[in-house]
Amino acid sequence: MIDQLFEFVQNHPLLVGAFLLVLVAWIAYEIRSGGANGVTTSEATQLVNREDAVVLDIRDKNDFKAGHIAGARNIPQSSLDSRLTELDKFKDKPIIVACKHGQSSGTVQAKLAKAGFERVLKLKGGMTQWQADGLPLVKK
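Let me sum up the structure you'll find in this document. Remember, it's a predicted structure, so these values are computed and weren't measured experimentally.

### Structural notes on the packing of aromatic side chains
Logical step 1: In the structure shown here, the tally under the stated rule is zero aromatic pairs.
Logical step 2: Directly above the aromatic system of Phe-117 lies the positively charged group of Lys-91, at a separation of 5.3 Å from the ring centroid.

In structure tokens:
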């Protein structure tokens, strides 16, 4: 088995090199995007309870009404630029950005950091992960 692996590597160096390059890029992306700027659902609840963190839900109004984190503020991503001043009073508090799957929150996180917010974090896995962990939702 190992002999076949070495033979494959010798016969296809470009394919193996491309695979290794993609693997290294993926690992680097995961390390960079997952670490310091994201929080798990349990870390988010601790931040809300201990440091009075603000949860910013950037999903559209209908998704927000279908179920959101208690106390969350809804500012859809599409209208964030025009409604950014609503968050000015929270510049000194941690802000947790929540989207549907945890993929769009990075863009909003960068915008808020650029606007001078001290501590902006994204919810890893978004609301999908929140629900998967069995945490409560408020429906209005």
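### Overview of the pairing of strand β5 (residues 119–123)
Logical step 1: Most of β5 sits out of view: four of its five residues are buried.
Logical step 2: Across two bridges, the pairing between strand β1 (residues 38–39) and β5 is parallel. Along β5, the bridge assignment pairs Gly-38 with Lys-122.
Logical step 3: Of the pairings in the sheet, the one linking strand β4 (residues 94–98) to β5 comprises four bridges and is parallel in character. When the bridges of β5 are listed, Ile-96 appears paired with Leu-121.
Logical step 4: Handedness of the β-α-β unit built from β4, helix α6 (residues 105–114) and β5 comes out right-handed.

### Quick notes on the sheet that holds strand β3 (residues 73–74)
Logical step 1: Taken in spatial order, the five strands of this open sheet run β1-β5-β4-β2-β3, and their pairing is parallel. Only two strands of the sheet have a single partner each, and these edge strands are β1 and β3.
Logical step 2: Docked against the sheet, α6 engages β2 (54–57), β4 and β5, running at close to 175 degrees with respect to β5.

### Observations regarding a nonpolar patch on the surface
Logical step 1: Nonpolar side chains collect at one region of the surface, where Ile-2, Leu-5, Phe-6, Phe-8, Val-9 and Leu-15 lie side by side and expose about 580 Å² of accessible area between them.
Logical step 2: In terms of residue count, the dominant contributor to the nonpolar patch is helix α1 (residues 2–11) (five residues).
Logical step 3: Along the chain, Phe-6 falls in helix α1.

### Examining unusual backbone geometry
Logical step 1: Of note in the backbone geometry, Asp-52 takes a positive phi value of approximately 55 degrees without being a glycine.
Logical step 2: Of note, Asp-52 is situated in the loop between α3 (41–51) and β2.

### Let's talk about α3
Logical step 1: Of all the positions in α3, only Thr-41, Ala-44 and Leu-47 are classed as buried. In a view along the axis of α3, the buried residues occupy a sector of 120 degrees, so they form one face of it. In α3, those exposed residues whose orientation departs by more than 90 degrees from the buried face are Asn-49 and Arg-50.
Logical step 2: Looking at the packing, one finds that the buried side of α3 touches β1, β4, β5 and α7 (126–132).
Logical step 3: Positive phi appears at Asp-52, one or two residues downstream of α3, with a value of about 55 degrees.

Rules used in this analysis
- Residues numbered from 1 in each chain as written.
- Predicted model: local features only at pLDDT ≥ 70, side-chain atom pairs only at ≥ 80, totals over all residues.
- Heavy atoms only, no water.
- Phe/Tyr/Trp six-rings, centres within 6.5 Å; stacked < 30°, edge-to-face > 60°.
- Lys NZ or Arg CZ within 6 Å of the ring centre and 35° of its normal.
- Buried < 20%, exposed > 50% of the residue type's maximum accessible area, 1.4 Å probe, protein only.
- Helix = DSSP H or I, 4+ residues; strand = E, 2+ residues; numbered from the N terminus.
- Pairing = 2+ DSSP bridges.
- Right-handed = clockwise from strand over helix to strand, strands pointing away.
- Contact = heavy atoms within 4.5 Å.
- Axes fitted to C-alpha atoms, helices over the stretch in contact; angles between N-to-C directions.
- Patch = residues over 30% accessible without salt bridge, like charges linked within 9 Å, V, L, I, M, F, W, Y side chains within 5 Å.
- Areas by Shrake-Rupley, 256 points an atom, 1.4 Å probe, with all protein chains shown as cover.
- Salt bridge = Lys/Arg side-chain N within 4 Å of Asp/Glu carboxyl O.
- Arc of directions from axis to C-beta.

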